[in-house]
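These are the residues of each chain, in order.
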Amino acid sequence: MKVKIWGCRGSIPRPNPEMARYGGNTPCIEVVASSSSPGEDSPSRDLGGGHRIVLDLGSGAFDLGQMVLGEFFGRKKELDEPAKEGRAAPKFGGSILITHTHWDHIQGLPFFVPLYLPQFEWTIYGPRGVAKSLQESLSGQMQHDYFPVRLSDMQSKTKYVGLCEDTQKGFWVGGDEGGGDAGSSAPSSIKVTSKYLNHSVLTLGYKLEEYAHVPSDGTSPNNRKRAKRGVSVAYITDHEPFDHSLAKGGFVESSLDAGSRLDQPPSPDQSHTEFFKGVDVMLHDCQYLYKEYSPESSTSKEYWGHSTVEYVVEVAFYAGVKQLLLFHHDPQRTDEQMDDLVDYARSIAEELERQYAVKMGGVGQQRTLMKVDAAKEGDVYELDPFALAEGDDGVDFDVDNALDVESAPQKKPLAPGDVGERSVLLGLYQTEAGPIRDLLSLNGFNVKVLQSSDDIVQYAREHEPDAIVLDDSLFGQTGFEVCEEIRTGMGEWGKDVCLMVIAASSDGSGQDGASSESKEQLTADRLHLEDYVQGSFSPSYLLTRLQVSLLRMPLRWRRAPFLANESQRLAALHSTGLLDSDPEERFDRITRLCSSMFKVPVSAVSLVDKDRQYFKSIEGLPGVKETPRDRAFCAHAILDDGIMVVPDALQDERFADNPLVEGAPNVRFYAGCPIHAPSKEGKMPIGTLCLIDSKPHDLREEELRSLKDFGAMVEREVSSSFAKTELDK
């Protein structure tokens, strides 16, 4: 494959003569798969040939788009020939991988002309959102107030696919659009994997691996396998060290030391390097020198979401990267300063080689020297997968095959942009329908509300809605009985339609949620329901559940179950008299101290009520009083006695799709120390003292002990409130 750099400047385009050599355009990288096997007389970039992948659409995308148009119209005669002969015309377009939606990475999208032509087909991939789809995020800069043309005016056949982190299975592009098969005519295929980066918004890094297709019997070109080894490029932009102390260097030494302790789990920065281990070429965000990043600097860039030269060279060396390209150049750095930066980076690499080559490579082993350079506009890097395929007997295409994100098994997925055009039938007799109906309608769903099971069955048969949400308690049959009738008596649509059932209200025992082995849950599993909603829930949870179900993606937002003694727990909470009480300095003092000591923007004393989370004190989010319980991290924290720490919510299946993670306050780190109140049955967990940050990190042992001490201070104040309430009685 060929890798060409169309833009490598960070933050803002710089059309400056002092920056012309390295370039002033913001990020845009073109990767073109091999279009011909060795010996074939065909250029590597050819219409209908190598699959084109575009990494980010910064301002460099304009020139790339003009080049693509030149190719297209330069072969116009060949385009018309298939139509005259009754053959299908070749496809034009490719795949676009967006790392994140900060302006410098998407500002070229409105000017990428191939998106406006109906002859092109594009699939745009980017970080998956539930509260806001990828398409909605990209269209923001093309609203009428900012740009005269809207995203919807683009005439190309464009699909939008939201991605999560997937460092193993990934998906295939090229190779006849599916990673190839035994009869594939494509000479190679590219596997795409993704990794969350440490930035201020949801950001993915990508790794592209191209594998040649080799004859399985050594002779027949139409009976082939995929080569076992391939070539690779990693694109890691807009990433800050998880451990900020590593910005000045020291990663290799600390990692080798940690590696000698078998019980030591990998740090987030070590996991980061594992993603691009051994790649042929890596472009890595390298915007700052440590002296610019340092917290001691008067213009410190700490927490700005970018890496330093000192950090990047070390992680690349440790990962065994063959060629490192410094990327996302600072908008103030001139060509001469870039030359100095490259020299400095090379000196770091040479010193690392001198100190650690033997340790890293092992005695008697040959270690490839890492080449260090900086990305320049117009530079092209060629990686030949066929050079590795000679003598390779290959593997079958279905071995370690990746998930094709465009075709989920058994059920046909919807395009993420289509969710707002779907119809939902609400069969609600016991649950209040108004708030749910209003929220779904506001988000573009066509909603019908019915109460009678007979009416629901008739409407479902006649209109075949995209999703059906039912109370288990209906007028007539139960919700499960209606689902049974739909699944078994309404053909292919009935077998495939999204069905959810809301559990009947509890009997007041406090155990609102049925166990996973209950009769109802077993019935839900047998009928392949998308969800059996037990206990209290908010309309926003149901909205998110419907969105991800219609998109055929797993929901990564789990509501905390109720404790077995939930009614006693709630009684203990209410006995304190703290719910809905006025702010008190004795609690506010503690949350202020926590924010200062732990260096987090938000800390709170949270009380978990039946269907809400109430903040007795909250530092950093003025005016916020409560949230729905199903969004509350603290509802999970009270399930155990110890401190619950979530280093990165995007990596946690319980919270990644939570609106508090996807939207404000953009929770990435959480730590909650359970707070107890006295009761007749003993101490009951009523809430937490919690810490929240929009940056992922962890707590050291001494910090955990300090948080526990602060939690004890909160508990003492809670006990005094309980004593006062009892005295008043």
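Residues numbered from 1 in each chain as written. Predicted model: local features only at pLDDT ≥ 70, side-chain atom pairs only at ≥ 80, totals over all residues. Heavy atoms only, no water.

Engineer: Can you break down the overall build of the protein chain residue by residue, with the values?
Structural biologist: Within the protein chain, the secondary structure is distributed over 22 helices and 26 strands. Across the 729 residues in the protein chain, those meeting the buried criterion constitute 54%. If you take every contact in the protein chain between residues at least 6 apart in sequence, the share linking residues at least 24 apart comes to 71%. As presented, the protein chain carries roughly 32,200 Å² of accessible surface, and 49% of it is formed by carbon and sulfur atoms. (Helix = DSSP H or I, 4+ residues; strand = E, 2+ residues; numbered from the N terminus. Buried < 20%, exposed > 50% of the residue type's maximum accessible area, 1.4 Å probe, protein only. Contact = heavy atoms within 4.5 Å. Areas by Shrake-Rupley, 256 points an atom, 1.4 Å probe, with all protein chains shown as cover.)

Engineer: Explain the sheet that holds strand β1 (residues 2-7) to me, and be specific about the residues and the numbers.
Structural biologist: The strand order across the open sheet built from 7 strands is β6-β5-β4-β3-β2-β1-β15, with neighbouring strands paired in mixed fashion. Both edges of this open sheet fall to β6 (157-163) and β15 (380-382), since each of them pairs with a single strand only. Between one strand axis and the next, the sheet turns through 20° on average, direction left out of account. (Pairing = 2+ DSSP bridges. Axes fitted to C-alpha atoms, helices over the stretch in contact; angles between N-to-C directions.)

Engineer: I'd like a description of the side chain of Asp104, backed by residues and values.
Structural biologist: As for its position among the elements, Asp104 is in helix α3 (residues 103-106). For the buried Asp104, no salt bridge exists, and the shortest N-O distance to an oppositely charged side chain is 10 Å, to Arg9. Reaching out from Asp104, the side chain makes a polar contact with the backbone nitrogen of Ser11 at a distance of 3.0 Å. Apart from the residues lying within four places of it in its own chain, the contact partners of Asp104 are Gly10, Ser11, Thr26, Pro27, Gly58 and His328. (Lys, Arg positive; Asp, Glu negative; His and termini not counted. Salt bridge = Lys/Arg side-chain N within 4 Å of Asp/Glu carboxyl O. Polar contact = N/O pair within 3.5 Å; in protein donor to acceptor, adjacent residues only side chain to side chain.)

Engineer: Residue-level account of the pairing of strand β3 (residues 52-55), with values.
Structural biologist: Residues of β3 alternate between two faces, with Arg52 and Val54 on one and Ile53 and Leu55 on the opposite face, all of them buried. Looking at chain direction, strand β2 (residues 28-32) and β3 are connected through 4 bridges and run antiparallel. Paired with Val31 across the bridge in β3 is Ile53. Direction of pairing for β3 relative to strand β4 (residues 92-97): parallel, over a ladder of 3 bridges. Looking at β4, one finds that Ile53 is bridged to Ser95.

Engineer: With reference to specific residues and values, describe helix α12 (residues 434-442).
Structural biologist: Within the sequence span of α12, burial applies to Gly434, Ile436 and Leu440. Seen from one end, α12 has its buried residues packed into an arc of 165°, which puts them on one side. With its phi angle positive at about 95°, Gly444 sits one or two positions after the end of α12. (Arc of directions from axis to C-beta.)

Engineer: Please provide a residue-by-residue account of the environment of His284, values included.
Structural biologist: Residue position: His284 is located in strand β12 (residues 281-285). Linking His284 and Ala374, residues 90 residues apart in sequence, is a C-alpha distance of 9.6 Å. Only 3.2 Å separates the side chain of His284 from the side chain of His272, close enough to count as a polar contact.

Engineer: I'd like a description of the packing of aromatic side chains, backed by residues and values.
Structural biologist: Under the defined criterion, the tally for this structure stands at 17 aromatic pairs. Measuring from centroid to centroid gives 6.1 Å for Phe120 and Trp122, while their planes differ by 5°, and the two rings are stacked. Accessibility expressed as a relative area gives 3% for Phe120, which makes it buried. For Trp122, a relative accessible area of 1% puts it in the buried group. In textbook terms, an aromatic cluster arises when at least three aromatic residues are bridged by ring pairs, as seen for Phe72, Phe73, Phe92, Phe112, Phe120 and Trp122. Over the aromatic face of Phe275 sits the side chain of Lys207, whose NZ or CZ is 5.2 Å from the ring centroid. The ring of Trp304 carries Lys301 above its face, with NZ or CZ at 5.3 Å from the centroid. (Phe/Tyr/Trp six-rings, centres within 6.5 Å; stacked < 30°, edge-to-face > 60°. Lys NZ or Arg CZ within 6 Å of the ring centre and 35° of its normal.)

Engineer: Lay out the sheet that holds strand β16 (residues 423-427) in plain terms, naming residues and giving numbers.
Structural biologist: Read across the sheet, 5 strands follow the order β17-β16-β18-β19-β20 without closing on themselves; strand pairing throughout is parallel. The open sheet has two edge strands, β17 (446-450) and β20 (531-533), and neither has a second partner. Taken pair by pair, the neighbouring strands of this sheet meet at an average axis angle of 15°, ignoring direction. Relative to β17, β16 runs parallel, the two being bridged by 5 bridges. Each residue of the ladder has a partner; that of Gly427, found in β17, is Leu450. Sheet strands in contact with helix α13 (residues 453-463) are β16, β17 and β18 (467-471), and its direction is about 150° off that of β17.

Engineer: Outline the pattern of salt bridges, supporting the account with residue identities and numerical values.
Structural biologist: Applying the stated criterion across every chain yields a total of 28 salt bridges. Residue Glu165 is joined to Lys195 by a salt bridge in which the shortest nitrogen-to-oxygen separation is 3.9 Å. Of this pair, Glu165 sits in the loop between β6 and β7 (166-174) while Lys195 sits in strand β8 (residues 188-196), placing them 30 residues apart in sequence. Given the relative accessible area of 24%, Glu165 is considered partly exposed. Each member of the salt-bridge network shares a partner with another, and the members are Asp580, Asp609, Arg612 and Glu626.

Engineer: Outline the state of the cysteines, supporting the account with residue identities and numerical values.
Structural biologist: What the rule picks out here adds up to 0 disulfides. The thiol of Cys690 is not disulfide-bonded; the next cysteine sulfur, from Cys634, is found 3.9 Å away. (Disulfide = S-S within 2.5 Å.)

Engineer: Please set out unusual backbone geometry residue by residue, giving values where relevant.
Structural biologist: Most peptide bonds adopt trans geometry, and most residues besides glycine take a negative phi value. That bond from Ala664 to Pro665 is cis: its omega, 5°, falls within 30 degrees of zero. The residue Pro665 is located in the loop between α21 (659-662) and β25 (669-677) in this model. Within the chain, Tyr303 stands out as a residue other than glycine whose phi angle is a positive 75°. Along the chain, Tyr303 falls in the loop between α8 (290-293) and α9 (309-319).

Treat this as a map of the structure, not an account of what it does.
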